[in-house]
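So you can see what is in the structure, the chains are spelled out below.
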Amino acid sequence: MAARIRYIEAVRQGLQSSMRSDPSVIVLGEDVRYGGPFGATKGLADEFGKGRILDTPISEATVMGMATGAAATGLRPIVEIMFVDFATLAMDQLVNHAAKLGFMTGGLLRVPLTVRVQGGVSGRFGAHHSQSLEAWFLHTPGLKVVAPAFPGDAARLLEVAIADDNPVVYMEHRGLYWTKGEVTGNEPASGSVVRRRGDHVTIVSYSRMVHHALAAADTLAADGIGCEVIDLRWLAPLDLEPAVASLRRTGRAVVAHEAVTTGGVGAEVVARLQAARGIRTRAPIARVGAPFAPVGAAPELEDAFVPGSGDIVGAVRGLLGEAPPRTDGQKGGRT
Amino acid sequence: MIPDLPADRLTDYLRRMLVIRRFEEGLIELAGEYAVGHFHVYIGQEATGVPALAQLEPGDVGFTTHRNHGHLLARGTDPAAMFAEILGKETGTNRGKGGTLHIASLENGFPTTSAATGGCTPLATGAAFAFSRLGRDRVSVCLFGDGALEEGTFHESINIAALESLPVIYLCENNSLEALGQKANEYPSSTMAAAPLTDLAAAFKVPTITVDGTDTGAVHDAMATAVGRARGGGGPTFIEALTVRWPGSRPIWPQLLTGPTDLSYAWDPSAIPADYAVWHAEQDGLLRYVRELLSAGVLTPDEALAMDEQVKDRIERGVRFALDSPYPPVASALESVYA
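Residues numbered from 1 in each chain as written. Chains lettered and ligands numbered in written order. Predicted model: local features only at pLDDT ≥ 70, side-chain atom pairs only at ≥ 80, totals over all residues.

Our focus in this paragraph is the overall build of chain B. From N to C terminus, chain B includes 11 helices and seven strands. In terms of C-alpha radius of gyration, chain B reaches 19 Å, essentially the compact-globule figure of 20 Å for 339 residues. Structurally, chain B occupies a C-alpha span of about 55 × 55 × 45 Å along its principal axes. Going through the 339 residues of chain B one by one, you find that 54% of them count as buried. Contacts in chain B between residues at least 24 apart in sequence constitute 75% of all its contacts with a sequence separation of at least 6. (Helix = DSSP H or I, 4+ residues; strand = E, 2+ residues; numbered from the N terminus. Rg over C-alpha atoms; globule rule 2.2 N^0.38 Å. Buried ≥ 20, exposed ≤ 12 C-beta atoms within 10 Å, placed from the backbone. Contact = placed C-beta atoms within 7 Å.)

Every contact between the two is made by 34 residues of chain B and, on the other side, 35 residues of chain A. Elements represented by at least two residues in the side of chain B that touches chain A include exactly strand E2 (61–63), helix H5 (120–134) and helix H6 (152–164) of chain B. With 10 residues, H5(B) is the single largest residue contributor to the side of chain B that touches chain A. In the side of chain B that touches chain A, the residues fall into 17 nonpolar, 13 polar and four charged. (Nonpolar A, V, L, I, M, F, W, Y, C, P; charged D, E, K, R; others polar.)

Right, let's get into unusual backbone geometry. A cis amide bond, omega 0°, links A:Ala236 with the succeeding residue A:Pro237. Residue position: A:Pro237 is located in the loop between strand E12 (234–236) and helix H9 (241–250). With omega at -10°, the peptide bond leading from B:Ala195 into B:Pro196 counts as cis. Tracing the sequence through the fold places B:Pro196 in the loop between strand E4 (168–177) and helix H7 (198–202). One non-glycine residue, A:Arg124, lies in positive phi territory at about 60°. Summarising the element assignment, A:Arg124 is placed in the loop between strand E5 (114–119) and helix H6 (134–138). When the 15 C-beta atoms within 10 Å are taken as the criterion, A:Arg124 is described as partly exposed.

This next bit is on the domain arrangement of chain A. Residue and element names in this part refer to chain A. Under the domain assignment used here, chain A contains domain 1 (4–182) and domain 2 (193–319). Distance between the C-alpha centres of domain 1 and domain 2: 26 Å. Facing 23 residues of domain 1, the contacting portion of domain 2 comprises 25 residues. Contributing elements (two or more residues each) for the side of domain 1 that touches domain 2: H6, strand E6 (144–146), helix H7 (151–163) and strand E7 (168–173). Residue composition of the side of domain 1 that touches domain 2, by class: 13 nonpolar, six polar and four charged. (Domains from an automatic or database assignment.)

Attention shifts here to the confidence of the model for chain B. Averaged over chain B, the pLDDT score is 94; the fraction of residues at 70 or greater is 95%. Confidence estimates for the predicted assembly give a pTM of 0.95 and an ipTM of 0.94. (pLDDT = per-residue confidence, 0-100.)

Another point: the sheet that holds strand E14 (residues 286–290) of chain A. Residues and elements named next belong to chain A. Spatially, five strands are ordered E9-E11-E10-E13-E14 in an open sheet, and the strand pairing comes out mixed. Only two strands of the sheet have a single neighbouring strand rather than two, namely strand E9 (193–196) and E14. Averaged over all neighbouring strand pairs, the angle between strand axes comes to 25°, with direction disregarded. Pairing of E9 with strand E11 (residues 227–231), which is carried by three bridges, proceeds in the antiparallel orientation. Of the residues in E11, the one forming a bridge with Val-193 is Asp-231. (Pairing = 2+ DSSP bridges. Axes fitted to C-alpha atoms, helices over the stretch in contact; angles between N-to-C directions.)

Residue and element names in this part refer to chain B. Mapped onto the fold, Phe-321 is located in helix H11 (residues 301–324). Along the primary structure Phe-321 and Ala-80 are separated by 241 residues, whereas in three dimensions their C-alpha atoms are 6.2 Å apart. Look past the residues within four positions of Phe-321 in its chain and what remains in contact with it is Ala-80 and Ala-84.

Residues and elements named next belong to chain B. Tracing the sequence through the fold places Ala-162 in helix H6. Each C-alpha atom, one on Ala-162 and one on Pro-207, is 9.8 Å from the other, the two residues being 45 residues apart in sequence. Sequence-distant contacts of Ala-162, that is, excluding residues within four places in its chain, are made with Phe-204, Lys-205, Val-206, Gly-235 and Pro-236.

Relative orientation and spacing of two packed helices are given, respectively, by the angle between their axes and the distance between those axes. Residues and elements named next belong to chain B. It is at 11 Å that the axes of helix H1 (residues 7–33) and helix H10 (residues 285–295) come closest, and there the two elements cross at 155°. The angle between the axes of H1 and H10 places the two elements in the roughly antiparallel class. Viewed along their axes, H1 and H10 form a crossing whose handedness is left-handed. Across the interface between the two elements, Leu-10, Leu-14, Met-17 and Arg-21 of H1 pack against Leu-286, Tyr-289, Val-290 and Leu-293 of H10. (Parallel < 35°, antiparallel > 145°, perpendicular 65-115°, else oblique. Left-handed = near helix turned anticlockwise from the far one by under 90°.)

All names here are of chain A. Strand order in the open sheet formed by seven strands is E3-E2-E4-E5-E7-E6-E12, with mixed pairing between adjacent strands. Each of the sheet's edge strands pairs with one partner strand only, and the pair in question is strand E3 (53–55) and E12. The mean inter-strand angle of the sheet, taken between neighbouring strand axes irrespective of direction, is 20°. In the sheet, strand E4 (residues 76–81) pairs with E5 via four bridges, with the strands oriented parallel. In the strand pairing of E5, Ile-78 is matched with Thr-114.

All right, on to the pairing of strand E2 (residues 25–29) of chain A then. Consecutive side chains of a regular strand alternate in pointing toward one face of the sheet and then the other. Residue and element names in this part refer to chain A. Here E2 lies mainly inside the structure; five of its five residues are buried. Alternating residues of E2 divide into Val-25, Val-27 and Gly-29 and Ile-26 and Leu-28, and every residue in both groups is buried. Summarising the sheet, E2 and E4 pair through five bridges and their orientation is parallel. From the neighbouring strand, Val-27 faces E4, where its bridge partner is Ile-78. In this structure, E2 lies alongside E3, joined through three bridges in parallel fashion. Bridge assignment links Val-27 to a residue of E3, and that residue is Ile-53.

Bringing the packing of helix H3 (residues 60–71) of chain A against H5(B) into the picture now. The N-to-C vectors of H3(A) and H5(B) enclose an angle of 55°; their axes lie 6 Å apart at closest approach. In terms of orientation, H3(A) lies oblique with respect to H5(B). The way H3(A) lies across H5(B) gives a crossing that is right-handed. Where H3(A) approaches H5(B), its residues A:Ala61, A:Thr62, A:Gly65, A:Met66, A:Ala67, A:Thr68, A:Gly69 and A:Ala70 are matched on the opposing element by B:Pro122, B:Leu123, B:Ala124, B:Thr125, B:Gly126, B:Ala127, B:Phe129 and B:Ala130.

Before going further, it helps to spend a moment on the pairing of E7(A). Residues and elements named next belong to chain A. In terms of burial, E7 is a largely internal element, six of the six residues being buried. Side chains Val-168, Tyr-170 and Glu-172 project from E7 onto one buried face, and the interleaved Val-169, Met-171 and His-173 project onto a second face that is buried too. The pairing of E6 with E7 spans three bridges and is classified as parallel. Paired with Val-145 across the strands is Val-169, a residue of E7. Tracing the backbone out of E6, into H7 and back to the parallel element E7 gives a crossover that is right-handed. (Right-handed = clockwise from strand over helix to strand, strands pointing away.)

All right, on to helix H8 (residues 216–231) of chain B then. The end-to-end C-alpha distance of H8(B), which contains 16 residues, comes to 22 Å, matching closely the 22 Å that a straight helix rising 1.5 Å per residue would cover. With its phi angle positive at about 85°, B:Gly233 sits one or two positions after the end of H8(B). (Expected span 1.5 Å × (residues − 1).)

So, in structure tokens, the structure goes:
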């Protein structure tokens, strides 16, 4: 049986194994030599030397652009943006340059860049350190986006992201860092996976919300309601085949994420599910996500903002006619 | 002054300058007849771009900005492929997917052109970072106008280059002086409280050189100093090259304001027309370089004219090639989104 390690350790393992196998893999970020705020890069400078672990000034725009330029000229850089909220500072380089260089040069250039970001609501950090901005990246042709939910995927998909010849935004959830799981090395490199089988309702999710979906499925199973839980893992490219296959059987689906519902990944997923062949839903597909507001720092405000398993349970019951369905994209009631 | 180089290198510099001048004149002419879209021409800055870039070695890279044609041509990019790219043809440098604002030529050391002002500074710094980490004896040149200094990325980039002693040269072509044909307060190209601009680099303890951008020899020497420092592990250099802004962009200034350049202005002052006489007599770095080559005995007027005819012919063939080339297949609009 494979060892159970923490998510943050799995991230470090993915970095370490990639750096061992490819000397052109280099890490750039703020405080990365000392491990960063959560220890993801701890020990790497000792093993690989300071030349491969660059502690940068607090200059996200330029660090992103430097990594892009370095990726175009022979390195395979990994940029750590300490909080995804500060990827906003680097969007010109990421969106206008890293994502487009291959296309704009007619395929001449490759940009094998990995951007590690962490985010999500956890620990009362307030509105500048709690966002889930994946929809911004998903909206950009040329970027790949991956959001692992379990340590096994955290390690494996980071290796896959680093080995990819495209810019990949690798999204960690801070609230998962201390969760444990197996790392086998046999996790599938691409596509989404079914985490739990069930016949009544399909729940599509990613990142930490997968854990809430599984908890919701446990709760609902006690009432004889079977939920099939799909973990998307990759948001770009988006693999909805397992979700479509599931929805064909169940006829009911909830798409759940922690990001603000409006304009979120869920909107894209719902639209594609509705349009898929052979889909006849018994109820409109429901979305669970955060309300259209920044998150407040106070515990009561943060709790009121962040969607959880109770919201998914409420949405499933709504689809089954046990409660009024919530399809308006707002956070459902908590149980 | 002329650079301290063998005669064949000196005339090669002139040939490259003429390629740029005739290319841009040809483009303005082409834009009068065909839907070319917008572009920014490099006329008046040839005596900066050529001596700065023609001395680079294979493997050295440049990251350039919207006024990019001269930079690419200075290192030998094929004018025909550039015309084709500007016209959006399949045979263009980027297969029609970049256009004037994104021309790339890997074999000539231009991974990309960034059309975001200040966009190329982090990219060039990153290439220098890659060279330093890969142990390659290469330099990276960041090419930009004075306007790019108004973006934050310049200051972030030069800070990191200084901290890491990276082999990068920041070449600022300050063309904001006395723009030709510009009315007072019309389209100011630079809005910067700092003066001189070299103060911005000096604050990061980066060596600076200010040079007359119409003086081929001075630019050559400044660049040679910077390249030597970069290759020797001495870190970055900031060069400010001062040029007069020739009014060349479409659609704002689409006309060939000073007319097609007549090389005889260099040796026959009486031929210079009254309009923009100061430009032809003093401010045009290309004509200045011709005068310097003539007085140094490197070149005769007849040789200059013969070279010019060859260049004009090459440019004409380039235009024809571009016009005759097919547009890219529509299906390619969705290709190369991912590697």
